[in-house]
There are 2 protein chains.
Amino acid sequence: MATLDDVLSTIDANQGGALDRLFSLLAIPSISAIPAHFPDCDRAADRLADELRDLGFEASRQDTPGRPMVVGSAKAKTRDAPHVLFYGHYDVQPVDPLDLWTTPPFEPRLADGPNGQRIVARGACDDKGQLMTFLEACRAFRQNGGLPCNVSVLFEGEEETGSPSLPAFLAKNAKTLKADLALVCDTTMWDAKTPAITTMLRGLVIEEVVINGANRDLHSGLYGGAAINPIRVLARVLADLHDADGAIALPGFYDGVEELPEEVAEQWRGLDFDDVAFLGEVGLSVPAGEKGRSTLEMIWSRPTCDVNGIVGGYTGEGAKTVLPAKASAKVSFRLVGKQNPERVAQAFRAFVKARLPADVTAAFIAHAGSPAIALSTRGEAVRRARRALEAEWGRPAAIIGAGGSIPVVGAFKRELNMDSLMVGFGLADDAIHSPNEKYERSSFHKGARSWARILAALAT
Amino acid sequence: MATLDDVLSTIDANQGGALDRLFSLLAIPSISAIPAHFPDCDRAADRLADELRDLGFEASRQDTPGRPMVVGSAKAKTRDAPHVLFYGHYDVQPVDPLDLWTTPPFEPRLADGPNGQRIVARGACDDKGQLMTFLEACRAFRQNGGLPCNVSVLFEGEEETGSPSLPAFLAKNAKTLKADLALVCDTTMWDAKTPAITTMLRGLVIEEVVINGANRDLHSGLYGGAAINPIRVLARVLADLHDADGAIALPGFYDGVEELPEEVAEQWRGLDFDDVAFLGEVGLSVPAGEKGRSTLEMIWSRPTCDVNGIVGGYTGEGAKTVLPAKASAKVSFRLVGKQNPERVAQAFRAFVKARLPADVTAAFIAHAGSPAIALSTRGEAVRRARRALEAEWGRPAAIIGAGGSIPVVGAFKRELNMDSLMVGFGLADDAIHSPNEKYERSSFHKGARSWARILAALAT
């Protein structure tokens, strides 16, 4: 009978093929935010369904009102094995600004870096590289007698656009998808050498606001001074969103925000987080959030407000003396604790409306809304996963928070009453959502080995 | 010997050909702000030089460090005639947002409107339609024995980008270009039935500011809260530019701004300006400028600050949780009285720099800088032009200000010590710089007749 060591050796031996399989997935520009790429999303889904069938899963692409889901399931080699549902997403972020990419984003390549070789492509980390770590672990088990757990798989194609089709899909397919535990691979390690389990996730609200003034663009010479400028109105709104101490000024925004439990605060202090290096790596030196908060609090346990995009008037080369008819911004809020996404969105809309002068109107588009998540750090699954990760990486796994939101974790809890174990192998410098996104080759390889160990540990 | 009436009859008879000639010029997309259109600017210049030669002018295209100038000259039929220099510009504004044009901007067409037929195209009014009124007047004189004045012509191709090559060109060609009087056709009528002579022009400063934060775009989930957001910094700067009463908050900005002389204020009150109609036509109702000022003051005699364009982060469809590395805005100031463009630009830069938090830098690009102009309303040329315009339009010409700046008028004064007479036939609703720019066919036709009358009046 094959041992875990045999499985790990198979993963080591499979490395070349694993890279080929990942590269072929990375070459598909499955950008879920851009309609022109919807057919590419379909292609990526089909590709993954094929891959799963190749691994002995029953698998199918399942259509939704948005991008399709891929669902698969395979039995464990033994009876009474636990049932896990693995989640990943095949959609990726848009690639602009394209001119900052050293090589085309959908032509994956290997490059050298301080941690050895890295895989460079849009989606290399988020989330194609991450989800493929799990499939490579499954492949190695299949080549060594079978899976230690009953494994279902769910791959989503709308994670980067707020997962609009997910809740209804989960509710409809609850019977198939409900497992003892969800495994979610969309998070980071503590650093290149230290694995991590993520137990806190911030929620997310994204609102787009369009400020409308005159019924057409005007000449600023003819109308300037007399006609209201929507950019000026928008700037006032956005400037007012933060007070002088960096706190968010929406009335009621902090309702449901709690102080960090002392035990978690204590552990975080023990992580010995290096503010200077964290900010220094991206060219910054001073934490820009709420006064009196540590950087880790700012990015993990405190809510935020950011403008993700703004546009209005003439933005081409040179100058144009236009007084634009409209201006718009995409504003996102990261939520923590019990902050209510719906109430935050309403507070934002009221805040904007309260700042509109005569003749100016605002229109809103909701792009996302999900509450924050806090998982237990003390369950059996976390204990086993920590042990498995420590065996692979040679040091204890950190229990961390994450600034980003992963809506599926909340949806699993709400729709399927299922807990999630969040383990991922991304690094802070992976430039996900940015030009030249990468994934360490060691993350890809040792990630697969880590999942093999975790599956084995969960089955014990 | 041909009379002025013969010349006017010839203009009436030439209408069809005049439209053809204008349409062929309008079909050239001579956008001076966009490098891809530089060859089109060259073509427009060549086209005008040909046109002038066809009218018996000695004419040539003359290259500059930017877009070329077109210079022409023709002798009067009599000796001792005065010498005028006519100025217009063949470059046009960019056409975005293109989707708001009913028909393609460089496929000129006739359409019906409340004032009869109109010519629709980018540049129909600003300034191709306007400059062609003068050439059609010259054509009619040529068909009736010759010009009453010695006429030089200067067509510029950089008016929409702040006329960077103009001052040096004037200085270098002072001998050829210096005339008794400049005629500038780039302004409006008082309304569709009332001609106007413009004697006050606001100056213009355009500064582009780029706010830089992190060294790359960041994921707002990973860095949001801790990393400074350049859009937030920019919003604060732009919001601070105006105080609660609509006044501009740059220190020293109002230095050199004078109250309107009582005689001018009196005349403006007599114009019986209709605020409600002026703003109502573009969908607005409340003047948005400094408290306690009339709308005419806001657009003619008070300085302004407008944001003409802003961009940062993700501006495509959907949402992207990016925390951008930079954000930028194009900010313009309309100047009056003795405001110093250089000092305003410096004050703006200092104002921005004073609002930069740690880790944030600002870069600036100057796009334009010209002081305000006030011409005498009492000279002989103005008197003769008013009489000529009244004869054509059947009612007295209004003496008005204009909110836009026409840098050439200042340059003529400084470089050539030459006064300008500003007469134009645009209307407030011509949508210059906006989609569906138009020029009334009556402006085009009666504009040519007006110039014939003015040239005759100046020669008397």
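Refer to the structure printed above.
Rules used in this analysis
- Numbering of residues begins from 1 in every chain and follows the order in which that chain's sequence is written.
- To read the labels, note that chains go from A and ligands from 1, taken in the order they are written.
- Confidence filtering applies because this is a predicted model: local features only for residues at pLDDT of at least 70, side-chain atom pairs given and counted only at 80 or more, and all residues used for totals across whole chains, interfaces and linings.
- To obtain the side-chain values, all non-hydrogen atoms of the structure were used and water was disregarded.
- Only buried Ala, Val, Leu, Ile, Met, Phe, Trp, Tyr and Cys residues count toward a nonpolar core, and they belong to the same one when joined by side-chain atoms within 4.5 Å.
- Each residue's exposure class comes from its accessible area (1.4 Å probe, protein chains only) as a fraction of the maximum for that residue type: buried when under 20%, exposed when over 50%, partly exposed otherwise.
- Two residues qualify as a contact provided that any one of their heavy atoms is within 4.5 Å of a heavy atom in the partner residue.
- Axes here mean lines fitted to C-alpha atoms, for a helix over just the part in contact, with angles spanning 0 to 180 degrees between N-to-C directions.
- For helices the rule is a DSSP run of H or I covering at least 4 residues; for strands it is a run of E covering at least 2, with both sets numbered from the N terminus onward.
- An angle counts as roughly parallel when it lies under 35 degrees, as roughly antiparallel when it exceeds 145, as roughly perpendicular when it falls between 65 and 115, and as oblique in every other case.
- Handedness of each helix crossing follows the sense of rotation of the near helix against the far helix: counterclockwise by less than a right angle gives left-handed, clockwise gives right-handed.
- Lys, Arg, Asp and Glu make up the charged group, whereas Ala, Val, Leu, Ile, Met, Phe, Trp, Tyr, Cys and Pro make up the nonpolar group; the residues left over, Gly among them, are polar.
- In this scheme, a helix's expected span is set at 1.5 Å multiplied by one less than its residue total.
- A carboxyl oxygen of Asp or Glu within 4 Å of a side-chain nitrogen of Lys or Arg is what we treat as a salt bridge.
- To be clear, the arc concerns the directions from the helix axis to the C-beta atoms.
- A pair of strands is labelled paired if DSSP reports no fewer than 2 bridges between them.
- The aromatic pairing rule takes the rings of Phe, Tyr and Trp, using the six-membered ring of Trp, and pairs them if the centres are within 6.5 Å, calling planes under 30 degrees apart stacked, those over 60 edge-to-face and the rest tilted.
- Think of it as a cone above the ring: NZ of Lys or CZ of Arg counts as a charge over the ring if it is within 6 Å of the ring centre and within 35 degrees of the ring normal.
- Here the copies are matched by least squares. The fit uses the C-alpha atoms of residues with pLDDT of at least 70 in both.
- Defined here as a combined quantity, buried area equals the accessible surface (1.4 Å probe) lost by two parts on assembly, summed across both.
- Criterion for a disulfide: a pair of cysteine sulfur atoms at a distance within 2.5 Å.

**Q** An account of the nonpolar core is requested, with residue identities and associated values reported.
**A** Here is a general trend for soluble globular proteins: nonpolar side chains tend to be buried in one another's company. In terms of nonpolar packing, the biggest core is built from 110 residues, with A:Leu238, A:Leu250, A:Phe333, B:Leu238, B:Leu250 and B:Phe333 touching the most fellow members. Discounting chain neighbours no more than four positions away, the residues touching A:Phe333 are A:Gly203, A:Leu204, A:Val205, A:Leu250, A:Phe253, A:Thr304, A:Cys305, A:Val344 and A:Phe348. Grouped together as the second largest cluster of nonpolar side chains are 67 residues, A:Ile28, A:Ala74, A:Leu131 and A:Trp451 included.

**Q** With reference to specific residues and values, describe the packing of helix 2 (residues 15–26) of chain B against helix 15 (residues 441–459) of chain B.
**A** All names here are of chain B. Two elements in contact, helix 2 and helix 15, have axes whose closest approach is 11 Å; the angle formed by their N-to-C orientations is 110 degrees. When the interaxial angle is binned, helix 2 and helix 15 end up roughly perpendicular. For the element pair helix 2 and helix 15, the recorded crossing hand is right-handed. Every residue of helix 15 that contacts helix 2 at Gln15, Ala18, Leu19 and Leu22 is listed here: Arg441, Phe444 and His445. For the contact of helix 2 with helix 15, the per-class residue count stands at four nonpolar, two polar and one charged.

**Q** Describe in detail helix 4 (residues 128–142) of chain B, supporting the description with residues and values.
**A** Taking 1.5 Å per residue as the helical rise, helix 4 of chain B with its 15 residues ought to reach 21 Å, and the 21 Å between its terminal C-alpha atoms agrees with that figure. Along helix 4 of chain B, 14 of the 15 residues are buried, which leaves the element largely enclosed by surrounding structure.

**Q** Pulling in residues and values, what's your account of the pattern of salt bridges?
**A** Opposite charge on two side chains lets them pair, provided their charged atoms get close. According to the stated counting rule, one finds 72 salt bridges over all chains in the structure shown. Here A:Arg139 ties to A:Glu51 by a salt bridge, and the two come within 2.6 Å at their closest N and O atoms. One end of the pair, A:Arg139, is in helix 4 (residues 128–142); the other, A:Glu51, is in helix 3 (residues 38–54), and 88 residues separate them in sequence. Between B:Lys438 and B:Asp430 there is a salt bridge, and its shortest N-O distance comes to 2.7 Å. Residue B:Asp430 is classed as buried on the basis of its relative accessible area, which comes to 0%. Connected through shared salt-bridge partners, A:Arg21, A:Arg47, A:Glu51, A:Asp54, A:Glu136 and A:Arg139 make up one network.

**Q** Please provide a residue-by-residue account of helix 2 of chain B, values included.
**A** Residue and element names in this part refer to chain B. Between its first and last C-alpha, helix 2 extends 16 Å over twelve residues, near the 16 Å set by a 1.5 Å rise per residue. If you check which residues of helix 2 are buried, you get Ala18, Leu19, Arg21, Leu22, Leu25 and Leu26. Buried residues along helix 2 cover an arc of 165 degrees about the axis, so they all sit on one side. At its buried positions, helix 2 is contacted by helix 3 (38–54), strand 4 (109–113), strand 5 (116–120), helix 4 and helix 15.

**Q** Describe in detail the sheet that holds strand 4 of chain B, supporting the description with residues and values.
**A** Residues and elements named next belong to chain B. Sheet architecture is open: three strands sit in the order 4-5-18, paired in antiparallel fashion. The sheet is open, and its two edges are formed by strand 4 and strand 18 (438–440), each paired on a single side. Adjacent strand axes in the sheet meet at a mean angle of 35 degrees when their direction is disregarded. Direction of pairing for strand 5 relative to strand 18: antiparallel, over a ladder of three bridges. Paired with Arg118 across the strands is Glu440, a residue of strand 18. Sitting on the sheet, helix 2 is in contact with strand 4 and strand 5, with an inclination near 30 degrees to strand 5.

**Q** Talk me through the packing of aromatic side chains; I want residue IDs and the actual numbers.
**A** Considering all chains together, one arrives at 32 aromatic pairs over all chains under this definition. Residues A:Phe134 and A:Trp451 carry aromatic rings whose centres are separated by 5.6 Å and whose planes lie at 80 degrees to one another, so their mutual orientation is edge-to-face. Here A:Trp451 lies in helix 15 (residues 441–459) and A:Phe134 lies in helix 4, a separation of 317 residues in the sequence. Ring centres of B:Trp190 and B:Trp300 lie 5.9 Å apart, and the angle between their planes is 65 degrees; this geometry places the pair in the edge-to-face category. Here B:Trp190, found in the loop between strand 7 (181–184) and strand 8 (196–201), pairs with B:Trp300, found in helix 11 (residues 295–301); they are 110 residues apart in sequence, far enough to count as distant. The exposure class assigned to B:Trp300 is buried, which follows from its relative accessible area of 8%. What links up through ring pairs into an aromatic cluster is the set A:Phe86, A:Phe134, A:Phe155, A:Trp393, A:Phe425 and A:Trp451. Seen from the ring of A:Trp393, A:Lys446 lies directly overhead, with NZ or CZ sitting 4.9 Å from the centre.

**Q** Mind laying out the relation of the copies chain B and chain A, listing which residues take part and the relevant values?
**A** These two copies of the chain differ by a rotation about an axis and a displacement along the same axis. Once chain B is rotated about the relating axis by 180 degrees and shifted along it by 0.1 Å, it coincides with chain A to within an RMSD of 0.1 Å. Classification of the inter-copy transformation places it as that of a two-fold axis. Here 100% of the interface residues in chain B have copies in chain A that are interface residues too; the copies meet face to matching face.

**Q** Describe in detail the interface of chain B and chain A, supporting the description with residues and values.
**A** Residue-level contacts link 87 residues of chain B with 87 residues of chain A. With both chains or domains summed, chain B and chain A bury close to 7500 Å², and 54% of this area falls on carbon and sulfur atoms. It is B:Arg232, B:Ile310 and B:Lys320 that lose the most area in chain B upon contact with chain A, and together they represent 9% of the buried surface on that side. At the boundary of chain B and chain A, one finds three salt bridges.

**Q** I'd love a proper account of the environment of B:Leu19, names of residues and values included.
**A** Residues and elements named next belong to chain B. By the element assignment, Leu19 lies in helix 2. Each C-alpha atom of the pair Leu19 and Phe444 lies 8.7 Å from the other, and the pair is 425 residues apart in sequence. For Leu19, the residues in contact, after removing those within four places along its chain, are Leu110, Ile119, Arg441 and Phe444.

**Q** I'd like a description of the sheet that holds strand 18 (residues 438–440) of chain A, backed by residues and values.
**A** Residues and elements named next belong to chain A. Reading across from one edge, 4-5-18 is the order of the three strands in this open sheet, with antiparallel pairing throughout. For this open sheet the edge positions go to strand 4 (109–113) and strand 18, each flanked by a neighbour on one side alone. Strand-to-strand, the axes of this sheet are offset by a mean angle of 35 degrees, without reference to chain direction. Strands strand 4 and strand 5 (116–120) of the sheet are contacted by helix 2 (residues 15–26), whose axis makes an angle of about 30 degrees with strand 5.

**Q** Give a detailed account of the packing of helix 13 (residues 380–393) of chain A against helix 15 of chain A, specifying residues and quantitative values.
**A** Residues and elements named next belong to chain A. For the pair helix 13 and helix 15, interaxial distance at closest approach is 9 Å and the crossing angle is 135 degrees. Between helix 13 and helix 15, the angle is such that the two are oblique. Considering the relative orientation of helix 13 and helix 15, their crossing is right-handed. Facing Ala381, Arg384, Ala385, Ala388, Leu389, Ala391, Glu392 and Trp393 of helix 13, the residues of helix 15 in contact are Ser442, Lys446, Arg449, Ser450, Arg453, Ile454, Ala457 and Leu458. For the contact of helix 13 with helix 15, the class distribution of residues is nine nonpolar, two polar and five charged.

**Q** Before we move on, could you go through the state of the cysteines and cite the residues and values that matter?
**A** Within this structure, the stated rule accounts for zero disulfides over all chains. A:Cys149 takes part in no disulfide bond, and the closest cysteine sulfur to it belongs to A:Cys138, at a distance of 9.4 Å.

**Q** With reference to specific residues and values, describe the pairing of strand 2 (residues 69–74) of chain A.
**A** All names here are of chain A. Burial analysis of strand 2 places five of its six residues in the buried class, the great majority of the element. Judged from the five bridges that link them, strand 1 (residues 58–62) and strand 2 form a sheet pairing that is antiparallel. Each bridged residue has a counterpart across the sheet, and for Gln62 the counterpart in strand 2 is Met69. Connecting strand 1 to the antiparallel partner strand 2 that follows it, the hairpin turn spans six residues. Where strand 2 lies against strand 6 (residues 150–156), five bridges are found, and the strand directions are antiparallel. Paired with Ala74 across the bridge in strand 6 is Val151.

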